[in-house]
Amino acid sequence: MLGSGALGSAPLGGFPDFDTAALAATSDILQSVVTSFVNERLLSAPPSRLHHYTSLATAQKILECDNIRLSHAEYSNDQLEMVQAKEVISRILTLSAASSNFLAAVLGQYNNIAPNLDAYVFCMSEGEDQVAQDRLSQWRAYGHDGRGICISLNSAGLGNLSYFTPGLRVNPVIYCPDLQDLFIEAILQEGVQMNGGGNPDATAVAATVGALVFATPLMKADGFREEREWRLIFMPPANGPQPTLKFNPRRDFLAPFVELKYIWSTLRPELNKVEAIRREPPINVPEPTGKPLLPIDEVMVGPSIHQPLNVRAMTKLLN
């Protein structure tokens, strides 16, 4: 099923008022596309651990509070990435819609909701071995130039949280422009096959739009490819209660964010009361206890001149 594929865990978020049939059909489209891309080795399977590089101050808050912030994707280091992702989807859709009434309907519906899509993300880096985990470029860019911390999280543990939380999932970022195009084109092909001949079917249109919504926060400029980024993504389902946001002042703007502990403890029970979006996890997936919430496997202290002191302090903090 979709939750065990390379694009991580359902359910899907960010939709208008789709019914249960449309959401199920969306999962069918994505299941087929993801399986095909993994089989062709265009996408990799989830790694066992994902690494988050950050400053000492942020790491202290994460570890003491057992909590992380998911920041709005439009307020990231690449502030245009959501805009550019929507442009990729609209470009491919516009070209395809010229000869298809079905895709013309998909284009119209996607363009109607795209301006108001919200995606909140927590960024991590893929890497199984010590070299990948201790990547100097990541330390320089995100780990306070080597003076910070790398927190390694268990990806299966993150996936289990998303199984029980509508709108939350774990996904890899797609950097290559050609692969981005292929991914969107594959979604459209699946939608066309689902629709069959004749006039556009409302469920097939909604399902295809839903798959495009799913793909929107997965695309990033090719110049960031070395990061091998995976994301914990929350896209609030439009037909459910909306999150209460907090704001972080960053230079000359306020960045909206939502906390994972709030999503899990407060928002998730309310979301699961909405039948159309309520998540039904696989039978063999136990519901996380939430204590601790974060599935942290390891904490690495950065290679600064104060590393021995930071190791001692971090050991005391963790104990």
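Nothing here was measured: the structure is a model prediction, and the numbers come from that model.

Trainee: Can you tell me about the packing of aromatic side chains, naming the residues and giving the values?
Mentor: Enumeration over the complete set of coordinates arrives at two aromatic pairs. With a centroid separation of 5.5 Å and an interplanar angle of 90 degrees, the aromatic rings of F37 and F183 are classed as edge-to-face. Of this pair, F37 sits in helix α1 (residues 20-39) while F183 sits in helix α8 (residues 177-195); the two residues are 146 residues apart in sequence, bridging distant segments of the chain. Ring centres of Y75 and F253 lie 5.6 Å apart, and the angle between their planes is 50 degrees; on these two criteria the pair is classed as tilted. A residue pair is termed long-range when its members are at least 10 positions apart, and Y75 in the loop between β2 (69-72) and α3 (81-97) and F253 in strand β8 (residues 253-259) qualify at 178 residues. You can call Y75 partly exposed: its relative accessible area is 26%. A cation over an aromatic ring shows up here: R169 above the ring of F214, its NZ or CZ 4.2 Å from the ring centre. Cation over ring: R268 sits above W264, and NZ or CZ is 3.6 Å from the ring centre.

Trainee: Quick rundown of the pattern of salt bridges? Include the residues and the values.
Mentor: Taken as a whole, this structure holds 13 salt bridges when the rule is applied. Across the pair E74 and K86 runs a salt bridge, and its minimum N-O distance is 3.8 Å. Taken together, the positions of E74 in the loop between β2 and α3 and K86 in helix α3 put the pair twelve residues apart, joining distant regions of the chain. Given a relative accessible area of 27%, E74 falls into the partly exposed group. Overall, the relative accessible area of 11% leaves K86 in the buried class. Of the charged contacts in the structure, one is a salt bridge between K246 and E259, with a shortest N-O distance of 3.4 Å. Of this pair, K246 sits in strand β7 (residues 246-250) while E259 sits in strand β8, and the two are 13 residues apart along the sequence. Residue classification places K246 among the partly exposed residues on the basis of a relative accessible area of 43%.

Trainee: Account for unusual backbone geometry, with residues named and values stated.
Mentor: The bulk of non-glycine residues show a negative phi, and the bulk of peptide bonds are trans. Its identity is not glycine, yet R41 carries a phi of approximately 60 degrees, on the positive side. Within the element layout of this structure, R41 appears in the loop between α1 and β1 (49-54). Classification of R41 as exposed rests on a relative accessible area of 78%. The phi dihedral of R228 is positive, around 50 degrees, even though this residue is not glycine. Note on placement: R228 falls in the loop between α9 (202-215) and β6 (229-234).

Trainee: An account of the confidence of the model for the protein chain is requested, with residue identities and associated values reported.
Mentor: Predicted confidence across the protein chain gives a mean pLDDT of 84, with 87% of residues reaching 70 or more. Here residues 1-12 is modelled with pLDDT under 50, and outside its nearest four sequence neighbours on either side it reaches 57 contacts, counting other chains as well.

Trainee: Outline helix α10 (residues 260-271), supporting the account with residue identities and numerical values.
Mentor: Taking 1.5 Å of rise per residue, the twelve residues of α10 would be expected to cover 16 Å, yet its terminal C-alpha atoms sit only 14 Å apart, more than 12% below that figure. For α10, every residue scored as buried is listed here: L260, I263, W264, L267, R268 and L271. Buried residues of α10, seen end-on, are gathered within an arc of 135 degrees and therefore sit on one face of the element. The inward-facing, buried residues of α10 contact β2, α7 (155-163), β5 (168-172), β6 and β8.

Thresholds, definitions, all that
Residues numbered from 1 in each chain as written. Predicted model: local features only at pLDDT ≥ 70, side-chain atom pairs only at ≥ 80, totals over all residues. Heavy atoms only, no water. Phe/Tyr/Trp six-rings, centres within 6.5 Å; stacked < 30°, edge-to-face > 60°. Helix = DSSP H or I, 4+ residues; strand = E, 2+ residues; numbered from the N terminus. Buried < 20%, exposed > 50% of the residue type's maximum accessible area, 1.4 Å probe, protein only. Lys NZ or Arg CZ within 6 Å of the ring centre and 35° of its normal. Salt bridge = Lys/Arg side-chain N within 4 Å of Asp/Glu carboxyl O. pLDDT = per-residue confidence, 0-100. Contact = heavy atoms within 4.5 Å. Expected span 1.5 Å × (residues − 1). Arc of directions from axis to C-beta.

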